[in-house]
Structures are given as C-alpha cells and as structure tokens.
Amino acid sequence: MEAALEGIPMLAWLQHGDQSVNAEIVEKAGLGIWERKWGWGLEGLVSAEEIRNKIVELMEHEKVRSCSKKVGEEARKASGIDGKSEKVVTEIMQSLMQKRN
C-alpha cells in the first residue's frame, strides 16, 4: 500500500500465506514484478547478485515505473484534502450521525 501511494515500483518476494495473491495483483496491475522462482521462507537461498539483478530489472522497466508513478499521483489526490477518500469518510460520518439522531 505504502509503495503504491508513493509511486514506487515493487519487487514481490513471497514469504508467508496470502502474499502470492498480493504479488499477482501487483504484477497484473503493472505496479511491479514477481519473481516466481524465489522460494518461500527458508526453501532456498537467493544470492545478493540475483536480488541486485531483479532490482535493476525493476528500475529499468519503463512501463512499471510509469504505472507506479501514475498510481501514486492518483492515490495522493484521492487521499489528500478534498480528495475522494475524505469525501467518502465525511459522507459515512454524516450518515451515521443521522442514524444516531
């Protein structure tokens, strides 16, 4: 979430439970890449060179960088003052206040 908000491309490396779902979403949304060969937890060691190569690949991936930047800009607009998030929360609060009275 934080990486998307900041417009930072993500390298998915699964470690636990539902992270494969998250990694697939990140990849399909164009926000990062998922290295499927890397194991879970202690299944296998990944060398520093492999990690470095994937980071370089990620940072040179123009489509992912562009998409991440755009999503970050839109997320900041939505979560800023007068953004969509503020409007929705205000509407929910007003609705709850009306039901309370």
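Rules behind the numbers
Residues numbered from 1 in each chain as written. Predicted model: local features only at pLDDT ≥ 70, side-chain atom pairs only at ≥ 80, totals over all residues. Heavy atoms only, no water. Helix = DSSP H or I, 4+ residues; strand = E, 2+ residues; numbered from the N terminus. Rg over C-alpha atoms; globule rule 2.2 N^0.38 Å. Polar contact = N/O pair within 3.5 Å; in protein donor to acceptor, adjacent residues only side chain to side chain. Contact = heavy atoms within 4.5 Å. Axes fitted to C-alpha atoms, helices over the stretch in contact; angles between N-to-C directions. Parallel < 35°, antiparallel > 145°, perpendicular 65-115°, else oblique. Nonpolar A, V, L, I, M, F, W, Y, C, P; charged D, E, K, R; others polar. Buried < 20%, exposed > 50% of the residue type's maximum accessible area, 1.4 Å probe, protein only. Expected span 1.5 Å × (residues − 1). Patch = residues over 30% accessible without salt bridge, like charges linked within 9 Å, V, L, I, M, F, W, Y side chains within 5 Å. Areas by Shrake-Rupley, 256 points an atom, 1.4 Å probe, with all protein chains shown as cover. Salt bridge = Lys/Arg side-chain N within 4 Å of Asp/Glu carboxyl O.

Chemist: In this structure, what is going on with the overall build of the protein? I would like to understand it.
Modeler: Of the regular secondary structure elements, the protein holds five helices and two strands. Reading the protein from its N terminus to its C terminus gives the helix and strand order α-β-α-β-α-α-α. The C-alpha radius of gyration computed for the protein amounts to 18 Å, which surpasses the reference 13 Å derived for 101 residues by more than 25%, pointing to a less compact arrangement than a globule. Expressed as lengths along the three principal axes of its C-alpha atoms, the size of the protein is roughly 60 × 30 × 20 Å.

Chemist: Explain the side chain of K54 to me, please; I cannot follow it from the model alone.
Modeler: Following the sequence through the fold, K54 ends up in helix α3 (residues 48-60). For K54, the side chain forms a polar contact with the side chain of E35, separated by 2.9 Å. Residues within four places of K54 in sequence aside, it is in contact with L11, I33, E35 and W38.

Chemist: What exactly am I supposed to notice about the packing of α3 against helix α4 (residues 62-79) here?
Modeler: To describe two helices that pack against each other, one gives the angle between their axes and the distance between the axes. Direction vectors running N to C along α3 and α4 enclose 65 degrees, while the axes themselves pass 5 Å from each other. Considering their axes alone, α3 and α4 lie roughly perpendicular with respect to each other. Contacts between α3 and α4 pair L58, M59 and E60 from the former with E62, V64 and R65 from the latter. For the contact of α3 with α4, the residue count by class is three nonpolar, no polar and three charged.

Chemist: Sorry if this is basic, but what is going on with the packing of α4 against helix α5 (residues 84-100) here?
Modeler: At their nearest, the axes of α4 and α5 sit 4 Å apart, and the two run at 35 degrees to each other. Contacts between α4 and α5 involve K77, A78 and S79 from the former and K84, S85 and E86 from the latter. Considering only residue class, the contact of α4 with α5 consists of one nonpolar, two polar and three charged.

Chemist: Explanation requested: the side chain of E35 in the structure shown.
Modeler: With respect to the element layout, E35 can be found in the loop between β2 (32-34) and α3. Given the relative accessible area of 10%, E35 is considered buried. Beyond its immediate chain neighbours, meaning those up to four positions away, E35 contacts A12 and K54.

Chemist: Is there a simple way to explain α4 in this structure?
Modeler: Between its first and last C-alpha atoms α4 spans 26 Å; for 18 residues at 1.5 Å apiece the expected length is 26 Å, and the two agree. Considering only its buried residues, α4 is in contact with α1 (2-6), β2 and α3.

Chemist: Where do I start with a nonpolar patch on the surface in this structure?
Modeler: Together, V88, I92 and L96 make up a nonpolar patch on the protein surface, roughly 250 Å² of accessible area in all. Inspection of the secondary structure puts V88 in helix α5.

Chemist: Hey, could you run me through the pattern of salt bridges in this one?
Modeler: Pairing is possible between side chains of opposite charge, provided their charged atoms come close. All told, the structure shown has six salt bridges when counted by the stated rule. When the shortest N-O distance is used, the salt bridge between E62 and R65 registers 3.4 Å. With E62 and R65 both in helix α4, this residue pair falls three residues apart, about one helical turn. For K77, the salt bridge is made with E74, and the minimal N-O distance between the two is 3.3 Å. Here E74 and K77 lie together in helix α4, a separation of three residues that amounts to about one turn.

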